Amino acid sequence: MKVIQTKTEYRQRPLGIDVSQPAFSWRIDTEAKNWEQEAYRIVVALSEKDLEDGGRCVWDSGRVCQREMVNIVYEGPTLVSDTYYYWQVYVWGSDGKSEVSKPDVFHTGLLSPDDWQGKWIGETQKREHHIYRKTFSAEQKISRATLFICGLGHYEVWINGEKPDDRVLDPGWTMYPKSCLYATYDVGKLLRQGENAVGVMLGDGMYHVPGRDGRYAYFPRSYGFPKLLVQLNITYTDGSTVSVVSDETWRRADSPVTYSCIYGGEEYDARKMKTGFSTPGYTALDSDGWEAAVCVEAPEGKLVSQQTEPLKVMQIYEPKSLILSKPNTYLYDFG
């Protein structure tokens, strides 16, 4: 008998879950015929070591005589935001044997609106697109760091010139007056002691669908202009913490994206790209038209952690030919 596929909120090792009582589940791999689970015991702790040593635990369900392996709800003390919790399940079977799962982990998002410390920054007029940048100094050696970000309609984010993962077209579409999704990233490996930088590019997405302007738009619709909320929580090795948040101290400059529409496509002027703008070594702040970011009103919808699997690039199409259609204008034929 072996305990397999342990999950929290139906996902393996999830980041940023924002439910107060997450549900656990597992499966059993056994060759025994007519096997049934007779009882289970779930233990939740703040470290793997506490699980292994039987030390301090956050919650111990005790032995529960039930056959269920799905939707076993956490019933311990209130969970803390931006915290890793480790858990194991002990299982007793009808064959008289018992087994314990390997340690698993889940991470909590920002569980209360009061946990958000930043301000919304963004665009203030139609057909306006900017890139955003913030530099900061990490004064000590970093133990871990978590990035929480909501960029409406869509965003791309870099830390010290690198993307934290390969997701695209984040966040997912919602009924924005009701809910707006934020993503959670583990970015400790991208930060360094000393100077660091965060860079973000915004697009309209489904949040702001401009008028047709001669382009196919299906129907224009807007819940506001593109906007951004960022919170980067850093924990140092001595246990102290600091947060880098979006506010008017961020800088912005014209984006290479000059037109953005979920139906009508995108126009990108590569001459406007500020190469290296998301790195701490970028020095062209005075010559490249940078200005202070503008604080804007928050969206109407509630911030909710995005728990669906992200969209990713699965296939890349190469052009079949490149044609100079007229001076300074090229046509890429993809067949």
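This section reports on the structure supplied with the text.

**Side note on the nonpolar core**
Point 1. Grouped together as the largest cluster of nonpolar side chains are 27 residues, with contacts concentrated most on Leu-147, Ile-149, Val-200, Leu-228, Leu-232, Ile-234 and Trp-250.
Point 2. For this core, the secondary-structure elements that each account for two or more residues are strand 10 (130-138), strand 11 (142-152), strand 12 (154-159), strand 14 (179-186), strand 15 (194-203) and strand 18 (227-236).
Point 3. Not counting chain neighbours up to four residues away, the residues in contact with Trp-250 comprise Ile-121, Tyr-132, Arg-133, Lys-134, Val-198, Val-200, Leu-228, Val-230, Val-245, Glu-291, Ala-292 and Ala-293.

**Some points on the environment of Asp-170**
Point 1. Along the polypeptide, Asp-170 turns up in the loop between strand 13 (167-168) and strand 14.
Point 2. Residue classification places Asp-170 among the buried residues on the basis of a relative accessible area of 3%.
Point 3. Setting aside residues no more than four positions away along its own chain, Asp-170 makes contact with Gly-151, Gly-153, His-154, Tyr-155, Ala-183, Tyr-185 and Gln-306.
Point 4. A distance of 2.9 Å separates the side chain of Asp-170 from the side chain of Arg-167, its partner in a polar contact.

**Let's talk about unusual backbone geometry**
Point 1. Of note, the amide linkage connecting Leu-152 to Gly-153 takes the cis form, showing an omega dihedral of -5°.
Point 2. Note that Gly-153 resides in the loop between strand 11 and strand 12.
Point 3. Cis geometry marks the peptide bond from Asp-170 to Pro-171; its omega dihedral reads -5°.
Point 4. By the secondary structure assignment, Pro-171 is in the loop between strand 13 and strand 14.
Point 5. The backbone of Asn-71 shows a phi angle near 60°, a positive value even though the residue is not glycine.
Point 6. Among the structural elements, Asn-71 can be located in the loop between strand 4 (59-60) and strand 5 (72-73).

Criteria and thresholds
- Residue positions are counted from 1 within each chain, in the order its sequence is given.
- With pLDDT at 70 or above as the cut-off, local features in this predicted model cover only qualifying residues; side-chain atom pairs require 80 or more to be listed or tallied, and sums for whole chains, interfaces and linings still use all residues.
- Only hydrogens and water are removed before side-chain values are computed, so all heavy atoms of the structure are retained for them.
- Definition of nonpolar core: a set of buried residues of the types Ala, Val, Leu, Ile, Met, Phe, Trp, Tyr and Cys, connected through side-chain atoms within 4.5 Å.
- Exposure classes here rest on a 1.4 Å probe applied to the protein chains alone. A residue is buried below 20% of its type maximum, exposed above 50%, and partly exposed in between.
- Labels follow the DSSP assignment, with helices taken as runs of H or I lasting at least four residues and strands as runs of E lasting at least two, numbered in each case from the N terminus.
- Contacts between residues were defined by any pair of non-hydrogen atoms, one from each residue, lying within 4.5 Å.
- For this analysis, a polar contact is any N or O atom pair within 3.5 Å, provided that within protein one partner can donate a hydrogen and the other can accept it, and provided that sequence-adjacent residues contribute only side-chain to side-chain pairs.

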